[in-house]
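Structural overview for review
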Amino acid sequence: MDITKIIDPLNDAQRSAVTAPNRAVLVLAGAGSGKTRVLVHRIAWQIRVEGVSAYGILAVTFTNKAAREMRNRLEELLGLSTHTMWIGTFHGLAHRLLRRHAKQAKLPDTFQVMDSSDQLRVIKRLVAGMNLDETKWPPKQIQWFINAQKDEGKRARYQLETGDVFQRQMLAVYRAYEELCDRSGLVDFAELLLRAHELLRDNADLLEFYQQRFLQVHVDEFQDTNTIQYAWLRMLTEGKDNLFVVGDDDQSIYGWRGARIENIFNFQQQYPNHQVIKLEQNYRSTGNILNAANKVISMNEARMGKELWTEAGEGELISLYAAFNELDEAYFVVDRIKAWINEGGLRSDAAILYRSNAQSRQFEEKLMATGTPYRVYGGLRFFERAEIKNALAYLRLMSNRDDDASFERVINTPTRGLGAKAIDDIRLIAKDQDMSLWSAAIALLKQKPMAPRAKNALVGFLELIDRLSTQAEGLELYEKVQMVNEQSGLIELYKNEKGDRGEEKLENLDELINAARLFDAEQENEENLNELDLFLAHASLEAGDMQGEEFEDCVQLMTLHSAKGLEFKLVFLVGMEEGLFPSQQSSDDIARLEEERRLCYVGMTRAMRQLYLTYAESRRIYGRESYPRPSRFLREIPAECIQEVRMRATVSRPQAIVKSVDLMAQGRQFKLGQRVGHAKFGEGVVLQLEGEGAQERAQINFKQAGVKWLMLSYAQLEAL
Ligand code: ATP
Ligand code: MG
């Protein structure tokens, strides 16, 4: 047995993690220290040395891409297929469980997964149906509420109502939403997790089966697990110490979505025999990049504290560019990328990382203008496009007539002469008689006289779906898709649409046939479940917010959130401005600010060799013009790690940054995050510091008085 391949490419600390005795292990270590590598090698070790069968392996990662990469690396290490291992995202694995045990999970066999835009649409309709004013009860906010409840494992029916009107209304919508989803066989992302948890909790025999099956459970990016995900892991490993987790508290960036950093502490308490292993050598970045990132993250109060070092040498300085505006910023970045490619660099080794999706457009335009291939992650991906969703909705209805979200989507697409009145009638019946829209449509035909045109249209639609589903029997998956494209009338519809858009939509529909042809149901499941349902679920999961597509040789554009776990030789962190990064919402809340800082740390540590930071002196975004100040994170980088790049003669601000960094080094009276007292405003927390000497100012968030800028020479602040 050749285990050198597993052991040799590891340092001592990594090796001790990989070969640790079989008990709970927590690898807690900074970015680029080899956590993911350790996890993969640990699995290989267990199979090769400990004799664990591949069937007994469960591994959870954060994105589909990471899961695919893990499979590839394992296959390479082991020289065998990873087919029987359960490797995937929390959502993907939860989905697999629910498909296998739909009945016990109280779901119809044909249940459909909604992505978040489907979910929002359903909520919108519900809000309208309940006669609530959308401006007072924004559907988006309700969606957040519902998902947050589910992430915490809370069902609407088990919650005590307080006297609070707001909460009572939110719960009422949540309850109605649950009923609608149950009736329609619809499952949103948060529901996948919650229901998979309940499935095991409420079915002792199943739980026991999986507890015995999964001999070893592994989790990457453990710091970003939420309450329900952790509870699920706990259940699967109950009574055994077979949980191996790797993570980094400094990279916890999903707190706003329910991630619980406390899970790291809970783990340590709840697995008393656990072993903690720290890794301190970074293999990814040069010294300058690492020192700068270490310094920035050290400004956070809430951290476990660890240092990273590298043997890589200092490398190039980090470059800072002050752009005149967002166009100039894009011009600069694309110019640098062109230079990189001319010097022989690969496009796919270059990444542009930004805080918000809306920033990508400028870069896309410039890249397009220079003919540089690029790929945007997290934008509107293939499975999220309207034409694709329409075709999928037909397929969904063929599988599950009660899927209300799909019914709504295509009842009148393409238009078939059904007026708003008829559709409203259907909704009304569905609501009154507590049935799906499909059943309500049938009831409407029976119960009420209708205008002949509307009646024909409705009968035509119902018959179309029934016919499609009969004809689909025995066809290959891609043939089913092809049939739907043709017979649904969607091809006709887009053929008649003028301009490039129609053309593009037709191409996308063709691409969907391709996707179905290439779809490998085996990868998704080791059992023979309905291939169409698996494909549809795959489409929803791929459209999830956190997923990325496969790399090709093109420049990579993505939000900082989706860059987690990845690495690139050349990284541009753009839009380093107050109000954008850190975001506006976080500027007066210290916990959120610290999460933004972790995000900055994640971004900087993606870079292997070269890191560029840019900001614009004026920016037009979300339709507004603003003159932002440079991000405070820039000031937190030691001056010796950074160099200014000048493209224009008149750049004023970077000077100020370098200067204030020097000031930092001399030591100020107050630290960021420090609690202070003021005679008039009371107690507060220091959010920002700037200026020097008599000009020194601080931004303070006072508990009572709110956020204020104060001159320190007058304010007479007292450190608490
Ligand atoms: P992140 O916190 O960003 O997820 P990580 O801790 O998971 O990072 P990896 O992605 O596993 O780190 O490793 C970072 C880089 O260092 C990878 O390119 C990996 O191949 C390389 N690496 C890790 N350990 C070693 C080692 N012992 N020798 C050489 N290269 C290594
Ligand atoms: Mg990793």
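Criteria and cut-off values
Residues numbered from 1 in each chain as written. Chains lettered and ligands numbered in written order. Predicted model: local features only at pLDDT ≥ 70, side-chain atom pairs only at ≥ 80, totals over all residues. Heavy atoms only, no water. Helix = DSSP H or I, 4+ residues; strand = E, 2+ residues; numbered from the N terminus. Rg over C-alpha atoms; globule rule 2.2 N^0.38 Å. Buried < 20%, exposed > 50% of the residue type's maximum accessible area, 1.4 Å probe, protein only. Contact = heavy atoms within 4.5 Å. Areas by Shrake-Rupley, 256 points an atom, 1.4 Å probe, with all protein chains shown as cover. Near = heavy atom within 4 Å. Polar contact = N/O pair within 3.5 Å; in protein donor to acceptor, adjacent residues only side chain to side chain. Nonpolar A, V, L, I, M, F, W, Y, C, P; charged D, E, K, R; others polar. Expected span 1.5 Å × (residues − 1). Pairing = 2+ DSSP bridges. Salt bridge = Lys/Arg side-chain N within 4 Å of Asp/Glu carboxyl O. pLDDT = per-residue confidence, 0-100. Disulfide = S-S within 2.5 Å. Axes fitted to C-alpha atoms, helices over the stretch in contact; angles between N-to-C directions. Parallel < 35°, antiparallel > 145°, perpendicular 65-115°, else oblique. Left-handed = near helix turned anticlockwise from the far one by under 90°. Phe/Tyr/Trp six-rings, centres within 6.5 Å; stacked < 30°, edge-to-face > 60°.

This next bit is on the overall build of the protein chain. Along its length, the protein chain carries 29 helices and 21 strands. Taking 2.2 N^0.38 as the reference for a compact globule, 720 residues should give roughly 27 Å; the C-alpha atoms of the protein chain span a radius of gyration of 27 Å, in line with that estimate. With the principal axes as the frame, the protein chain shows a C-alpha extent of 85 × 65 × 60 Å. Classification of the 720 residues of the protein chain by burial places 58% in the buried group. The long-range share in the protein chain, meaning contacts at least 24 apart out of those at least 6 apart in sequence, stands at 74%. Per element, the accessible surface of the protein chain, about 30500 Å² overall, is 49% carbon and sulfur.

This brings us to the site of ligand 1. Around ligand 1 lies a shell of 19 residues, among which Lys35, Thr36, Gln251, Glu567 and Arg606 are the nearest. Gly34 places a main-chain nitrogen or oxygen 3.0 Å from an oxygen atom of ligand 1. A distance of 2.8 Å separates an oxygen atom of ligand 1 from a polar side-chain atom of Arg606. For the shell around ligand 1, a count of residues per class yields four nonpolar, nine polar and six charged.

Looking now at helix H3 (residues 35-48). The end-to-end C-alpha separation of H3 is 20 Å, in line with the 20 Å expected for 14 residues at 1.5 Å each. When you tally the buried positions in H3, you get eleven out of 14 residues, the bulk of the element. Those residues of H3 that sit buried are Lys35, Val38, Leu39, Val40, His41, Arg42, Ile43, Ala44, Trp45, Gln46 and Ile47.

A separate point is helix H13 (residues 287-297). By the criterion of burial, H13 is predominantly enclosed, with nine of the eleven residues buried. What H13 keeps buried is the set Gly287, Asn288, Ile289, Leu290, Ala292, Ala293, Asn294, Val296 and Ile297. Next to the buried residues of H13 lie strand S9 (318-325), helix H26 (590-604), strand S14 (607-621) and helix H27 (632-635).

So, about the pairing of strand S19 (residues 697-702). In this sheet, strand S20 (residues 706-711) lies alongside S19 in antiparallel orientation, the contact comprising six bridges. Bridging across to S20, Ala698 finds its partner in Leu710.

A few words on the environment of Gln216. Note that Gln216 resides in strand S6 (residues 216-219). When the C-alpha positions of Gln216 and Thr370 are compared, they lie 50 Å apart, and in sequence the two are 154 residues distant. In contact with Gln216, not counting residues within four places along its chain, are Asn22, Gln46, Val52, Gly56, Ile57, Leu58 and Asn242. A polar atom in the side chain of Gln216 sits 3.0 Å from the side chain of Gln46.

A full pass over the atoms with the stated rule returns 39 salt bridges. Close ionic contact of Arg355 with Glu596 constitutes a salt bridge, the shortest N to O distance being 2.7 Å. Remark: Glu596 occurs in helix H26 and Arg355 occurs in the loop between strand S10 (350-354) and helix H15 (360-369); sequence separation between them is 241 residues.

Another point: the confidence of the model for the protein chain. Low pLDDT marks stretches whose predicted atomic positions should not be read closely. Here the protein chain shows a mean pLDDT of 87. Residues at 70 or above account for 91%. Across residues 545-551, where pLDDT falls below 50, the model places 29 contacts with residues more than four positions away in sequence or in other chains. Of the regions scoring below 50 in pLDDT, residues 648-667 engages in 40 contacts with residues more than four places distant in sequence or in other chains.

To continue, consider the state of the cysteines. One pass over the full model with this rule turns up zero disulfides. Cys600 takes part in no disulfide bond, and the closest cysteine sulfur, belonging to Cys641, lies 13 Å away. Looking at Cys600, the relative accessible area reads 1%, which means it is buried.

If you trace the six strands from one edge of the open sheet to the other, you get S3-S2-S6-S7-S1-S8, paired in parallel fashion. The open sheet has two free edges, formed respectively by strand S3 (86-89) and strand S8 (275-279), since each of these has just one partner strand. Between one strand axis and the next, the sheet turns through 15° on average, direction left out of account. Those strands touched by helix H4 (residues 64-78) are strand S2 (57-61) and S3, and its axis lies near 155° from that of S3.

A word on the packing of helix H16 (residues 386-399) against helix H21 (residues 477-487). H21 packs onto H16 with a crossing angle of 115° between their chain directions and a minimal axis gap of 10 Å. Between H16 and H21, the crossing angle belongs to the class labelled roughly perpendicular. As for how H16 packs across H21, the hand of that crossing is right-handed. Along its contact with H16, which presents Ala391, Tyr394, Leu395 and Met398, the element H21 presents Lys480, Val481, Met483, Val484 and Asn485.

Most peptide bonds adopt trans geometry, and most residues besides glycine take a negative phi value. For the bond from Thr413 to Pro414, the omega torsion is -5°, close enough to zero to count as cis. On the secondary structure map, Pro414 appears in the loop between helix H17 (404-410) and helix H18 (420-432). Note that the residue after Phe581, namely Pro582, is joined by a cis bond; omega there is 5°. Here Pro582 is to be found in the loop between strand S13 (568-573) and H26.

In this structure the tally under the stated criterion is 19 aromatic pairs. With centroids separated by 5.8 Å and ring planes inclined at 55°, the aromatic side chains of Trp86 and Tyr210 adopt a geometry described as tilted. One end of the pair, Trp86, is in strand S3; the other, Tyr210, is in helix H10 (residues 204-213), and 124 residues separate them in sequence. Its relative accessible area of 1% is what places Trp86 among the buried residues. Tyr210 sits in the buried class, given a relative accessible area of 1%. Between Phe572 and Tyr612, the ring centres sit 4.9 Å apart and the planes meet at 20°, which makes this aromatic pair stacked. Note that Phe572 is positioned in strand S13 and Tyr612 in strand S14, a separation of 40 residues in sequence. Relative accessible area serves as the criterion here: at 0%, Phe572 is assigned to the buried category. Pairwise contacts between aromatic rings join Phe62, Trp144, Tyr254 and Trp256 into one cluster.

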